[in-house]
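Residues per chain are reported as follows:
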Amino acid sequence: DTLDENQILQSVTQELTQVLKLDRAFVERDDTNFIPAKDSHTTRFACPIFDDQGIMGKLWLFRSPDQPFEQDEIDFVQQIADQCAIAIRQARLYQ
């Protein structure tokens, strides 16, 4: 397996898109300031990716408004974000 940060995050967003049946997902990196346009045709969820050293980014998830995020999905995404933080930190240490 790889410790390439971009590849890790790309895999995470692809898998979440399939598992949670999302319209799209992406990671906002710690060096950007993404503000999604207001859209009544989309349900949005942003989950921070962070560790004890700070925020590394946000995991953004989008899907149709008739499919709100359930609490178990939110909990699952938060666990994934925690694992992303560990993987990112490891990838950065490896470089």
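Remember, it's a predicted structure, so these values are computed and weren't measured experimentally. (Residues numbered from 1 in each chain as written. Predicted model: local features only at pLDDT ≥ 70, side-chain atom pairs only at ≥ 80, totals over all residues. Heavy atoms only, no water.)

Participant: Pulling in residues and values, what's your account of the overall build of the protein chain?
Facilitator: The helix and strand inventory of the protein chain stands at two helices and three strands. Reading the secondary structure of the protein chain in the N-to-C direction produces α-β-β-β-α. Counting across all 95 residues of the protein chain, residues that qualify as buried make up 37%. Long-range contacts, defined as pairs at least 24 residues apart, comprise 62% of the intrachain contacts of the protein chain with a sequence gap of at least 6. (Helix = DSSP H or I, 4+ residues; strand = E, 2+ residues; numbered from the N terminus. Buried < 20%, exposed > 50% of the residue type's maximum accessible area, 1.4 Å probe, protein only. Contact = heavy atoms within 4.5 Å.)

Participant: Describe the packing of aromatic side chains, with residues and values.
Facilitator: Within this structure, the stated rule accounts for three aromatic pairs. Ring centres of phenylalanine 26 and phenylalanine 62 lie 5.9 Å apart, and the angle between their planes is 10 degrees; this geometry places the pair in the stacked category. You can see phenylalanine 26 sitting in strand β1 (residues 24-29) and its partner phenylalanine 62 sitting in strand β3 (residues 54-63), a full 36 residues away along the chain. Residue classification places phenylalanine 26 among the partly exposed residues on the basis of a relative accessible area of 23%. The buried category is assigned to phenylalanine 62, whose relative accessible area is 3%. With a centroid separation of 5.6 Å and 45 degrees between ring planes, the pair formed by phenylalanine 45 and phenylalanine 69 is classed as tilted. (Phe/Tyr/Trp six-rings, centres within 6.5 Å; stacked < 30°, edge-to-face > 60°.)

Participant: For the packing of helix α1 (residues 5-19) against helix α2 (residues 71-94), give the residues involved together with the corresponding values.
Facilitator: Packing of α1 against α2 brings their axes to within 9 Å, and their N-to-C directions diverge by 165 degrees. In terms of their interaxial angle, α1 and α2 are classed as roughly antiparallel. As for the relative orientation of α1 and α2, their crossing is right-handed in sense. Contact with α1, carried on its side by Glu5, Ile8, Leu9, Val12, Leu16 and Val19, involves Phe76, Ile80, Cys84, Ala87, Ile88, Ala91 and Arg92 of α2 and no other residues of that element. Across the contact of α1 with α2, the residue classes break down as eleven nonpolar, no polar and two charged. (Axes fitted to C-alpha atoms, helices over the stretch in contact; angles between N-to-C directions. Parallel < 35°, antiparallel > 145°, perpendicular 65-115°, else oblique. Left-handed = near helix turned anticlockwise from the far one by under 90°. Nonpolar A, V, L, I, M, F, W, Y, C, P; charged D, E, K, R; others polar.)

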